[in-house]
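# Remarks on the overall topology
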Amino acid sequence: MLFLQLSINPAASSFKHSTWIEYIQAEFPKAETIEVDNYSELYLYQHILNWVLKSDAPLALHIQCIDSEAPTGAMFRFLQELFQKKIPVCITVLGKHAGIEKYIKAFAEYKVVETEKEALALLSLKRGAEDAKLKEQTGIDLSGLAGIMQSKTTE
């Protein structure tokens, strides 16, 4: 799975590494993660879009709105291209930004969360539901696979 963190910051100098990314990396040590904010350049958004589209893996998107009044920069353009080409399997929004929420609602469902841990828990629930659906459709049970893979990587 791919994990993308978008942050809406009040100023370019206020970018901080996301704790959501830290939680994802702890839960999924081999996960591909990337984070970007509203002050990032267009070429970085294009690089991320290429990264997402080249992968067959599903995408989880977490948007952290630190400033509800901050400009979105190239983020709307990026989200439009992303949602037209690959809808994330899970979208969570932490904080408030009316423009971002309205924009996302036009393309996909999302969940407003109170904390990064709640976003991670929602993602785990969604992953469990997808595993159950796969088991129902194919008879393949992946529920124990994560534990098996984790124990093999630590050996």
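Residues numbered from 1 in each chain as written. Predicted model: local features only at pLDDT ≥ 70, side-chain atom pairs only at ≥ 80, totals over all residues. Heavy atoms only, no water.

## Things to note about the overall build of the protein
Along the protein, the regular secondary structure elements total six helices and five strands. Starting at the N terminus, the α and β elements of the protein follow one another as β-α-β-α-β-α-β-α-β-α-α. Relative to its 155 residues, the protein shows a buried fraction of 38%. Of the contacts made within the protein by residues no fewer than 6 positions apart, 70% connect residues no fewer than 24 positions apart. On the protein, roughly 8,800 Å² of surface is accessible, and the fraction owed to carbon and sulfur atoms is 54%. (Helix = DSSP H or I, 4+ residues; strand = E, 2+ residues; numbered from the N terminus. Buried < 20%, exposed > 50% of the residue type's maximum accessible area, 1.4 Å probe, protein only. Contact = heavy atoms within 4.5 Å. Areas by Shrake-Rupley, 256 points an atom, 1.4 Å probe, with all protein chains shown as cover.)

## Remarks on the side chain of Gln5
Among the structural elements, Gln5 can be located in strand β1 (residues 2-8). Owing to a relative accessible area of 0%, Gln5 belongs among the buried residues under this scheme. Among the polar contacts made by the side chain of Gln5, one reaches the side chain of Ser7 at a distance of 2.9 Å. A distance of 3.4 Å separates polar atoms of two side chains, one belonging to Gln5 and the other to Gln64. Excluding its chain neighbours within four sequence positions, the residues that come into contact with Gln5 are Ser18, Trp20, Ile21, Ile34, Glu35, Val36, His62 and Gln64. (Polar contact = N/O pair within 3.5 Å; in protein donor to acceptor, adjacent residues only side chain to side chain.)

## Observations concerning the sheet that holds strand β4 (residues 90-95)
Taken together, five strands build an open sheet; the order of strands is β2-β1-β3-β4-β5 and the sheet is parallel. Each edge of the open sheet carries a strand with a single partner, namely β2 (32-37) and β5 (111-113). The average angle at which neighbouring strand axes cross in this sheet is 20°, direction not considered. Running over the sheet, helix α2 (residues 42-54) touches β1, β2 and β3 (59-65) and is turned about 155° from β2. Together, β1, β3, β4 and β5 form the strand contacts of helix α4 (residues 98-107), whose direction differs from that of β4 by roughly 165°. (Pairing = 2+ DSSP bridges. Axes fitted to C-alpha atoms, helices over the stretch in contact; angles between N-to-C directions.)

## Describing the nonpolar core
Judged by nonpolar contacts, the single largest core of 28 residues is most densely connected at Leu4, Leu6, Phe78 and Leu79. Looking at this core, the elements that each hand over two or more residues are β1, β2, α2, β3, α3 (75-85), β4 and α4. In terms of nonpolar packing, the next biggest core, distinct from the first, is built from 12 residues, Ile21, Cys90, Leu94 and Val113 among them. (Core = buried A, V, L, I, M, F, W, Y, C linked by side-chain atoms within 4.5 Å.)

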